[in-house]
Amino acid sequence: MVFNWLRTLTNVPTLDEKSIVYLMNDPGTPTLRKLIPVPIMASPSYKVRNYSGGGHILNTTGGRAAQTFVVITETLKWVQRHAPEQLSNWATGLPLVVDPEAGEDLNAYYYRKGMKFFYSGNVYTALSADVVAHELGHAIFDSFRPDTWSVASLELWSFHEAFADMTAILTALQNEEIINLLLKDRYLEKDNLVSRVGEQIGKAIYDIKKGEDGRSPLYLRNAATKFKYADPSTLGTRGRHDVIVAESHSFGRIMLGALYAIWHKMYEYNVLRGLNQKHALVVSRNLFSKYLLTAITIVPKTPRFFQSFARSLMWVAQQDNPIYHKLIREILIDWKIVGEIDAQSDINDGVEVIKLSEEMEIGILAHNPLYEVEVEIPTDNRQEGIEDAKRCLDLLNQTNSVSDMEATPFEIQDNKLIRTHI
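Owing to the predicted nature of the structure, the values given are computational and were not obtained by experimental measurement.

### Points about the overall build of the chain
Right, on to step 1. Secondary structure summary: the chain contains 11 helices and 14 strands in total.
Right, on to step 2. Its C-alpha atoms give the chain a radius of gyration of 21 Å, within 12% of the compact-globule value 22 Å for 422 residues.
Right, on to step 3. Burial analysis of the chain (422 residues in total) assigns 56% to the buried set.
Right, on to step 4. Sequence-distant contacts in the chain: of pairs separated by 6 or more residues, those separated by 24 or more amount to 63%.
Right, on to step 5. Charge centroids of the chain, computed over 44 positive and 52 negative side chains, lie 6 Å from each other.

Pasting the structure below:
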């Protein structure tokens, strides 16, 4: 049975009130756990429902709360070590409220005031360090860049997902035990325990879909994949999981794969220049973390957000080390995120609020009531921003993703489209 491992965690002989059982990766890799001292809360502050410190068996209400608390703490320690400036507040300015058992569903999300983790049968999303760190990645990006929250841009939404997955991967790589196990694999650029994100929830969804939509039973997403960039206007909004479509979780895999490849290429370079594998991995992890967290603070809002971020990442690397700039540029060109000639141009980083009904031909507007709602678009390349917003509003309308119900990720406030969660 898939979840028999839960029973094995009920007898941890040295567990006491000063220690927590920490599942470092995901319930899909149950042996990657360790006993750690109860950590001190990191910053910015957060409140985890039912958290009462150590001494709890993992698969209990107290144990799941403790697991969630540890992942948040470890992820924030990673941010504060490598970000160009301290993350002092969440987007709302209030402590993040976290619910590890928010109700029955196979889901988890960040909603600005906090994070909610759901459960379905024996699958508790709060037990997955991947899932918790992913949702916290959304909170981190939103807190560094609150100006991007409600912008109607598919590439920006997709980048949110890629950044959140890389947050999960880089959080996992803070654990020496995971590094040691990873280095037993000769080919880190291929499918491995770190590149796989959300093993248990991926298996659960695979079972629901009966493997008929191109999913793998081994993970939710895998960073060691190579989906090259394609203009989202040329893609459908629905399709099999083994192809890219114009939907944020799917399209985000383009950037996720590129980011993972960049980290791996930096690791290879450090091995070639004489560092032992472990030292090379740590050096590359830390430097890539610095580049990534710096780039998100300066990237301009544009309809072509992937290209905008790529330029920002290359600029950050160029200021530090031209060799890394060259490596990063080669990957981004290979992924077709940037072209061979990528001259920096002046970019307008503003946001404009529009109604599509006032910008487009009346004849094409009747089928989507969201065209009458105010939406934010980037002001750089205004016409492209309008077309991008139309694609986003069509997708939201087709998927019934806008309402005043908690389950939908957008709502309308004062006739303006506002994101509620991601």
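### So, the environment of Gln318
Right, on to step 1. Looking at the element boundaries, Gln318 is found in helix α9 (residues 305-320).
Right, on to step 2. When the C-alpha positions of Gln318 and Thr73 are compared, they lie 31 Å apart, and in sequence the two are 245 residues distant.

### A short note on the pairing of strand β13 (residues 410-413)
Walk down a regular strand and you will see the side chains alternate between the two sheet faces.
Right, on to step 1. Where β13 lies against strand β14 (residues 416-419), four bridges are found, and the strand directions are antiparallel. Its bridge partner being in β14, Ile412 is matched across the sheet by Leu417.

### A look at the layout of surface pockets
Right, on to step 1. The volume enclosed by the largest pocket comes to roughly 1500 Å³.
Right, on to step 2. Every residue lining the largest pocket is counted, 45 residues in all, and those nearest its centre are Asn107, Arg221, Glu247, Ser248 and His249.
Right, on to step 3. Secondary-structure elements contributing two or more residues to the lining of the largest pocket are β5 (108-110), α3 (129-144), α4 (154-172), α6 (199-209), α7 (248-272) and α11 (382-398).
Right, on to step 4. No other element matches the five residues that α3 contributes to the lining of the largest pocket.
Right, on to step 5. In terms of residue class, the lining of the largest pocket is made up of 16 nonpolar, 14 polar and 15 charged.

### What to know about the nonpolar core
Right, on to step 1. One finds Phe309 and Ile337 to be the most contacted residues of the largest nonpolar core, which totals 104 residues.
Right, on to step 2. In this structure Phe309 touches Phe159, Met255, Leu259, Leu292, Ala295, Ile296 and Val299, once residues within four positions along its chain are discounted.
Right, on to step 3. Counting residues in each nonpolar core, the second largest holds 19 residues, with Leu154, Trp157, Val373 and Ala389 among its members.

### A word on the pairing of strand β12 (residues 374-378)
Right, on to step 1. Within β12, four of the five residues are buried, leaving the element largely enclosed by the surrounding structure.
Right, on to step 2. Bridge count for strand β11 (residues 351-355) against β12 is five bridges, and the pairing is antiparallel. Paired with Val351 across the bridge in β12 is Pro378.

### Regarding unusual backbone geometry
Right, on to step 1. The omega torsion of the bond from Ser43 to Pro44 falls at 0°, within 30 degrees of zero and hence cis.
Right, on to step 2. In this fold, Pro44 is placed in the loop between β2 (33-37) and β3 (46-48).
Right, on to step 3. Residues other than glycine seldom take positive phi values, yet Lys336 does so here, at roughly 65°.
Right, on to step 4. Tracing the sequence through the fold places Lys336 in the loop between α10 (322-334) and β11.

### Notes on the sheet that holds strand β4 (residues 96-99)
Right, on to step 1. The four strands lie next to each other as β3-β4-β6-β5, forming an open sheet whose pairing is mixed. Since the sheet does not close on itself, it has two edges, and those belong to β3 and β5, each with one partner. Averaged over all pairs of adjacent strands, the angle between their axes in this sheet comes to 10°, without regard to strand direction.
Right, on to step 2. As paired elements, β3 and β4 share three bridges and run parallel to each other. Bridge pairing links Val48 to Val98 in β4.
Right, on to step 3. On top of the sheet, helix α2 (residues 61-82) reaches β3, β4 and β6 (114-117); it is set at about 160° to β3, its chief contact.

### Section: the confidence of the model for the chain
Right, on to step 1. Counting all residues, the mean pLDDT for the chain is 91, and 93% of those residues have values of 70 or more.
Right, on to step 2. Under a pLDDT of 50 for its full length, residues 1-13 has, in the predicted model, 22 contacts with residues more than four places off or in other chains.

### Brief notes about the pattern of salt bridges
Right, on to step 1. Per the counting criterion, the structure on display carries 26 salt bridges.
Right, on to step 2. Taking the shortest distance from any N to any O, the salt bridge between Lys226 and Asp334 comes out at 2.5 Å. Of this pair, Lys226 sits in the loop between β10 (221-222) and α7 while Asp334 sits in helix α10; the two residues are 108 residues apart in sequence, bridging distant segments of the chain.
Right, on to step 3. When the shortest N-O distance is used, the salt bridge between Arg240 and Asp242 registers 3.0 Å.
Right, on to step 4. Within this structure, Arg145, Asp147 and Lys301 form a network of salt bridges that share partners.

Procedures and definitions
Residues numbered from 1 in each chain as written. Predicted model: local features only at pLDDT ≥ 70, side-chain atom pairs only at ≥ 80, totals over all residues. Heavy atoms only, no water. Helix = DSSP H or I, 4+ residues; strand = E, 2+ residues; numbered from the N terminus. Rg over C-alpha atoms; globule rule 2.2 N^0.38 Å. Buried < 20%, exposed > 50% of the residue type's maximum accessible area, 1.4 Å probe, protein only. Contact = heavy atoms within 4.5 Å. Lys, Arg positive; Asp, Glu negative; His and termini not counted. Charge placed at Lys NZ, Arg CZ, Asp CG, Glu CD. Pairing = 2+ DSSP bridges. 1 Å grid on protein atoms, 1.4 Å probe; cavity = no way out; pocket = protein on both sides within 12 Å on 5 of 7 lines; lining within 4 Å. Points joined across faces, edges and corners; volume = space filled by probe spheres on them. Nonpolar A, V, L, I, M, F, W, Y, C, P; charged D, E, K, R; others polar. Core = buried A, V, L, I, M, F, W, Y, C linked by side-chain atoms within 4.5 Å. Axes fitted to C-alpha atoms, helices over the stretch in contact; angles between N-to-C directions. pLDDT = per-residue confidence, 0-100. Salt bridge = Lys/Arg side-chain N within 4 Å of Asp/Glu carboxyl O.

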